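Observations on the model geometry
Read off the chains here:
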Amino acid sequence: NAGVTQTPKFQVLKTGQSMTLQCAQDMNHNSMYWYRQDPGMGLRLIYYSASEGTTDKGEVPNGYNVSRLNKREFSLRLESAAPSQTSVYFCASTMSEGNYGYTFGSGTRLTVV
Amino acid sequence: DQQVKQNSPSLSVQEGRISILNCDYTNSMFDYFLWYKKYPAEGPTFLISISSIKDKNEDGRFTVFLNKSAKHLSLHIVPSQPGDSAVYFCAASANTNAGKSTFGDGTTLTVKP
């Protein structure tokens, strides 16, 4: 089925370890986003890519880096994981930077111990 | 300062009755508003949206109302069904903001049979 695919679904890291969360969409969407959701809270924007070749910081970018590898793929990297980065991470995409609803992936549940 | 607020963490209604979920915002630059529905262990799903040039948008059992002067929007679900039980997120974006959405903390709706 068409949509947004995130890998992995679950991950446990030790403090200081690094990892990359992968995201790919097959809907030919231009804009892609990474959000995190902490318990009892809404989604907060980490980074986004309005179009292929561009990336910008969101509300909570510290401790993360991103790469828009091509139009389909947008990865999120944690260089040195911290317990405060324990969260559920959602990747989303939309047709353009206009007013369209997002299509979300199913999420990556990350625990940093 | 939270720009999108959903003041009711939870709501319980009887099957067949109306569910009304509320959302307030503070940023007058927001001009597009969206509602998402989220089941456990899944990503949010786009439900319905409304532009600031309208005060109502309807899609089947779902209607969103916007009161710009009060900076308030609401989602009405009529009639409510047990399958509507989920977390509902309100989100807002501005045309000048590269499609970035700001989310509320969500309201958990429980529809009892």
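All of the points below concern the structure found in this document.

Rules behind the numbers
Residues numbered from 1 in each chain as written. Chains lettered and ligands numbered in written order. Predicted model: local features only at pLDDT ≥ 70, side-chain atom pairs only at ≥ 80, totals over all residues. Heavy atoms only, no water. Helix = DSSP H or I, 4+ residues; strand = E, 2+ residues; numbered from the N terminus. Polar contact = N/O pair within 3.5 Å; in protein donor to acceptor, adjacent residues only side chain to side chain. Phe/Tyr/Trp six-rings, centres within 6.5 Å; stacked < 30°, edge-to-face > 60°. Buried < 20%, exposed > 50% of the residue type's maximum accessible area, 1.4 Å probe, protein only.

Let's shift gears to unusual backbone geometry. Of the consecutive residues Thr7 of chain A and Pro8 of chain A, the connecting peptide bond is found in the cis state with omega at -5°. Inspection of the secondary structure assignment puts Pro8 of chain A in the loop between β1 (4–7) and β2 (10–13). The omega torsion across Val78 of chain B and Pro79 of chain B is -10°, close enough to zero to call that bond cis. Here Pro79 of chain B lies in the loop between β8 (72–77) and β9 (86–93). Positive phi, normally seen in glycine, also occurs at Ala41 of chain B, with a value near 65°. Looking at the secondary structure, you find Ala41 of chain B in the loop between β4 (32–38) and β5 (45–51). A positive phi is found at Lys71 of chain B, a non-glycine position, where the angle reads about 50°. On the secondary structure map, Lys71 of chain B appears in the loop between β7 (62–67) and β8.

Residue and element names in this part refer to chain B. Position of His76 among the secondary structure elements: in strand β8. Sequence spacing of His76 and Ser19 is 57 residues, and the spatial spacing of their C-alpha atoms is 5.6 Å. Side-chain polar atoms of His76 contact the side chain of Ser74, separated by 3.3 Å.

The next point concerns the packing of aromatic side chains. The geometry of an aromatic ring pair comes down to the distance between the two centres and the angle between the two planes. What the rule picks out here adds up to 16 aromatic pairs over all chains. Note on Tyr33 of chain A and Tyr48 of chain A: the rings are 6.2 Å apart at their centroids and 20° apart in plane angle, and the pair reads as stacked. With a gap of 15 residues between them, Tyr33 of chain A in strand β4 (residues 31–37) and Tyr48 of chain A in strand β5 (residues 43–49) connect regions that are remote in the sequence. Taken individually, Tyr33 of chain A and Tyr48 of chain A each receive the classification buried, so the pair is uniform in this respect. Chaining the aromatic ring pairs together yields one cluster made of Tyr33, Tyr35, Tyr48, Phe90, Tyr102 and Phe104 of chain A together with Tyr36, Phe46 and Phe103 of chain B.

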